[in-house]
Amino acid sequence: MSLKVSDLSFSYGPKRALDAVTFEARSGKFTALLGPNGAGKSTLFGLLTRLFTSPQGVIEVAGQDLRSAPRAALAQMGIVFQQQTLDLDLTVRQNLTYFAALHGLSGRDARTRIDAALDRLSMLERAHEKARALNGGHRRRAEIARALIHQPKVLLLDEPTVGLDAAARAAITTHVHDLTQDHALTVLWATHLTDEVLPDDDVVLLHQGRIRATGPAQDLCGTQTLKDWFLSQTQAPA
Ligand SMILES: Nc1ncnc2c1ncn2[C@@H]1O[C@H](COP(=O)(O)OP(=O)(O)OP(=O)(O)O)[C@@H](O)[C@H]1O
């Protein structure tokens, strides 16, 4: 089940941040929402997660309309925010158990799901460690595992590698690509870093609030590198 966005617009007062944004992120695919600073990525994530709403446009999460069925739509969504959101004084398992409880999961069911989610991110052996003791990459992996506990159909990640070193960035990018082996999962990954995108990934290029291109990365960039293509698309006068 996919994520569908149709004709979505949003303004901050007179400032148009998103203009008739339309795209689909498909299940079993890693879709990179690629855009330079100020493109509107955070605004789009704010609308997808219902931090704020727009009177214009439609967002469908795994077939559920976010406006008319927000609970059902949000139940299908896992979210990894740009800012770190673990409680540093709790262990990894305690952080995830707390989140599971918020989703009405407890006891053996919660424990099984938590173990499975941690295992998917190669974090099971760190379950007993305090979040404070983890490096930035492992904290992020714990957050991604946490976002998977309720078995969402759509996983949203807003610039998840910000502040991480190159090795941690590569590890997380690989782990999340591996998650899409699960054909039921749709991943939308916001970034301005083209080296996080593989040739076979879908790209949604957002620039100055508008979708400029969509399609597999390798088809969009042709003989150019993705980085050169991205710069050519976003540095030219609009
Ligand atoms: N609260 C706000 N009030 C007015 N304008 C805003 C506000 N938040 C964002 N904007 C503007 O909306 C546009 C889109 O911003 P947004 O933060 O969504 O972009 P972004 O792609 O997430 O950029 P970044 O990578 O820098 O976070 C920008 O022109 C920005 O200046």
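The residue numbers shown here count from 1 along each chain, following its written sequence. Confidence filtering applies because this is a predicted model: local features only for residues at pLDDT of at least 70, side-chain atom pairs given and counted only at 80 or more, and all residues used for totals across whole chains, interfaces and linings. Each side-chain value is derived from all of the structure's non-hydrogen atoms; neither hydrogens nor water enter the calculation.

With respect to the layout of surface pockets
Put simply, the rule is: Points on a 1 Å grid over protein atoms alone make up a cavity when a 1.4 Å probe fits among them but cannot get out, and a pocket when they form an open set with protein on both sides within 12 Å along at least five of seven lines; lining residues each have an atom within 4 Å of a point. Grid points are joined across faces, edges and corners, and a volume is the space filled by probe spheres set on the points. Only runs of H or I of at least four residues qualify as helices and only runs of E of at least two qualify as strands under DSSP, and these elements are numbered from the N terminus. Polar here means any residue outside two lists: the nonpolar Ala, Val, Leu, Ile, Met, Phe, Trp, Tyr, Cys and Pro, and the charged Asp, Glu, Lys and Arg; Gly therefore counts as polar.
A volume near 250 Å³ is recorded for the largest pocket. As for the largest pocket, its lining consists of L74, M77, G78, I79, V80, F81, T85, F99, H103, R146, A147 and H150. Of all elements in the fold, only β6 (77–80) and α5 (136–148) reach the threshold of two or more residues within the lining of the largest pocket. By residue number, the principal contributor to the lining of the largest pocket is β6, which donates 4 residues. Of the residues belonging to the lining of the largest pocket, the class tally is 7 nonpolar, 4 polar and 1 charged.

Some points on the site of the ligand
Spelled out, the test is: Proximity is defined per residue: if any heavy atom of the residue lies within 4 Å of a molecule or strand, that residue is considered near it. Here a polar contact means two N or O atoms within 3.5 Å. Within protein one must be a hydrogen donor candidate and the other an acceptor candidate, and residues neighboring in sequence count only if both atoms are side-chain atoms. Reported accessibility uses the Shrake-Rupley method at a 1.4 Å probe radius. Residues are deemed covered only where the shown protein chains occlude them.
Around the ligand, a shell composed of Y12, K15, A17, P36, N37, G38, A39, G40, K41, S42, T43 and E159 is seen. With respect to the ligand, the backbone of K41 contributes an N or O atom lying 2.9 Å from an oxygen atom. Take T43: an N or O atom from its side chain is 2.5 Å from an oxygen atom of the ligand. In the complex, the protein chains occlude 60% of the 640 Å² of accessible area that the ligand would expose alone. If you list the elements that add at least two residues to the shell around the ligand, you get β2 (15–25) and α1 (41–48). Looking at the shell around the ligand element by element, the count peaks at 3 residues for α1. Considered class by class, the residues forming the shell around the ligand number 4 nonpolar, 5 polar and 3 charged.

Side note on the domain arrangement of the protein chain
The line we're drawing: What fixes the domain bounds is an automatic or database domain assignment. Contact criterion: two residues are considered in contact whenever any of their non-hydrogen atoms come within 4.5 Å of each other. Buried area: the accessible area, evaluated with a 1.4 Å probe, that two parts lose upon being put together, summed over both parts. Salt bridges, as used here, are contacts in which a Lys or Arg side-chain nitrogen is within 4 Å of a carboxyl oxygen on Asp or Glu.
What the domain assignment lists for the protein chain is domain 1 (3–76 + 152–235) and domain 2 (89–151). Between the C-alpha centres of domain 1 and domain 2 there is a distance of 24 Å. Of the residues lining the interface, 16 residues belong to domain 1; the matching set on domain 2 comes to 12 residues. Interface of domain 1 and domain 2: buried area, both sides summed, is about 1,200 Å²; carbon and sulfur atoms make up 69% of it. A per-residue breakdown of the area domain 1 buries against domain 2 is headed by P152, H175 and L179, which together make up 46% of the total. Joining domain 1 to domain 2, the criterion identifies 0 salt bridges. Scanning the region where domain 1 abuts domain 2 turns up 2 residue pairs in polar contact (both at pLDDT 80 or more). Listed by contribution, the elements that provide at least two residues to the side of domain 1 that touches domain 2 are β7 (154–158) and α6 (166–179). Considering every element that reaches the side of domain 1 that touches domain 2, the biggest residue donor is α6, with 6 residues. Residue composition of the side of domain 1 that touches domain 2, by class: 12 nonpolar, 1 polar and 3 charged.

Quick notes on the pairing of strand β3 (residues 30–34)
Rule in force here: Each residue is assigned to one of three classes by its accessible area relative to the maximum for its type, calculated with a 1.4 Å probe on protein chains only: buried under 20%, partly exposed between the two thresholds, exposed over 50%. Here, strands pair whenever DSSP counts at least two bridges between them.
The buried count for β3 comes to 5 of 5 residues, which makes it a mostly enclosed element. On β3, burial covers both faces: F30, A32 and L34 on one face and T31 and L33 on the other are all buried. Where β3 meets strand β8 (residues 186–191), 5 bridges bridge the pair, whose relative direction is parallel. For L34, the partnering residue across the bridge sits in β8 and is T191. Examined bridge by bridge, β3 and strand β9 (residues 202–207) share 4 bridges and lie parallel to one another. Among the inter-strand pairings, L34 is bridged to a residue of β9, identified as L205.

Quick look at the sheet that holds β6
Here is the rule we go by: Helix axes use the C-alpha atoms of the stretch in contact, all axes being lines fitted to C-alpha atoms, and the angles between their N-to-C directions lie in the range 0 to 180 degrees.
With mixed pairing, 6 strands are arranged side by side in an open sheet as β6-β7-β8-β3-β9-β10. Two strands close off the open sheet at either side, each with one partner strand: β6 and β10 (210–216). Going across the sheet, the axis of each strand differs from the next one's by a mean of 15°, ignoring polarity.

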